[in-house]
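Spelled out from the first residue to the last, the chains are:
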Amino acid sequence: STAFNPSEQKKAYGYGTYHMRILLDQPLSEPLSFWFQSIYTSSEVEINGTVLARFGVLSDEKEEHVYVTKAFLISYTPTDQKHLDLFVRTSNYESPLKGGIIRSVEFGIQHEVDTIYWNSIGLQLVVGVMLLLHGLYLLIIYLMDVRKTELIIFFLMMVAAAVSIGVEHNGLLFRFLHVDFAWMLRLKVLSYIGFCLFLLLMGRELLGNRRKGKAFYSYILSVLIFTLFIIVGPEEAVLYIIGKGYY
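Conventions we followed
- Residues numbered from 1 in each chain as written.
- Predicted model: local features only at pLDDT ≥ 70, side-chain atom pairs only at ≥ 80, totals over all residues.
- Heavy atoms only, no water.
- 1 Å grid on protein atoms, 1.4 Å probe; cavity = no way out; pocket = protein on both sides within 12 Å on 5 of 7 lines; lining within 4 Å.
- Points joined across faces, edges and corners; volume = space filled by probe spheres on them.
- Helix = DSSP H or I, 4+ residues; strand = E, 2+ residues; numbered from the N terminus.
- Nonpolar A, V, L, I, M, F, W, Y, C, P; charged D, E, K, R; others polar.
- Pairing = 2+ DSSP bridges.
- Axes fitted to C-alpha atoms, helices over the stretch in contact; angles between N-to-C directions.
- Phe/Tyr/Trp six-rings, centres within 6.5 Å; stacked < 30°, edge-to-face > 60°.
- Buried < 20%, exposed > 50% of the residue type's maximum accessible area, 1.4 Å probe, protein only.
- Lys NZ or Arg CZ within 6 Å of the ring centre and 35° of its normal.

Caption draft 1: Region of the structure containing the layout of surface pockets. Roughly 710 Å³ of volume is contained in the largest pocket. Forming the boundary of the largest pocket are 30 residues, of which Tyr40, Thr69, Val167, Phe174 and Met184 lie nearest the centre. At the level of secondary structure, the elements contributing two or more residues to the lining of the largest pocket comprise helix H4 (181-207) and helix H6 (235-244). A volume near 240 Å³ is recorded for the second largest pocket. Every element with two or more residues in the lining of the second largest pocket is listed here: helix H2 (110-143) and helix H3 (149-167). For the lining of the second largest pocket, the per-class residue count stands at 10 nonpolar, three polar and no charged.

Caption draft 2: Layout of the sheet that holds strand E1 (residues 14-23). Ordered by their spatial adjacency, four strands build an open sheet running E1-E7-E4-E5, and the pairing between neighbours is antiparallel. The strands lining the two open edges of the sheet, one partner per strand, are E1 and strand E5 (50-55). Each neighbouring strand pair of the sheet contributes to a mean axis angle of 15 degrees, computed without reference to strand direction.

Caption draft 3: Quick look at the packing of aromatic side chains. Scanning the entire structure with this criterion turns up 10 aromatic pairs. For the pair Phe36 and Phe72, a centre-to-centre distance of 5.0 Å together with 20 degrees between the ring planes defines the contact as stacked. One end of the pair, Phe36, is in strand E2 (residues 32-36); the other, Phe72, is in strand E6 (residues 72-76), and 36 residues separate them in sequence. In this pair, the class of Phe36 matches that of Phe72, namely buried. When the ring of Phe216 is compared with that of Tyr217, the centres are 5.6 Å apart and the planes differ by 75 degrees; the resulting orientation is edge-to-face. Taken together, Trp35, Tyr117 and Trp118 form an aromatic cluster joined through their ring pairs. Sitting over the ring of Trp183, Arg186 keeps its end group 5.3 Å from the ring centre. Arg204 extends its terminal NZ or CZ atom over the ring of Phe216, reaching a point 4.2 Å from the ring centre.

Structure representation (structure tokens):
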């Protein structure tokens, strides 16, 4: 089998195949589930010769490659088989530093994996909606002529926190908002930057610290410059910075 090796290729562009053989002591009577949390940036999953999922168009040529990046769950019902041959084929021409399987793959008996998957989805939805409701509540109070700065800061902090949940993990936000791969990562970084910034400003308001010295203005300026770079900077440079985790 072959896989991406950025240290040798310098960039994680290309096509690769993961192969794993799962040996079974005895034929399974229950179906299995596989939860793929993140694959960059197109993929195909095959078990014992049966293709169970395909996202995007795989190719070893950039011009023919079409990306589709999302978390997904598949199930497979073995029939009197002593082993499972799992093939995961991937191609990537978007992310310069990370390609192929990015996060761990969960697999096991179907009802157990499905329970974990849907619990994760449910908790993300509940927390995200609660954060947005809290933010909306404070925004309404602010608009009712209670012009306190901490209200609008708290509203923005809640929105940033909700967005960070929606773009991370299962990428729930991108089931409703269709953006290209670069903006998927840009939104993730911007939500983290926004949450940290508004959390700091909220803490200052609660502590009654109104002083704005050189350190404060230097921090705000650096955040604004980095935010501007993430939004309008060259795509490959931005993706490289994000891939390195420099945020």
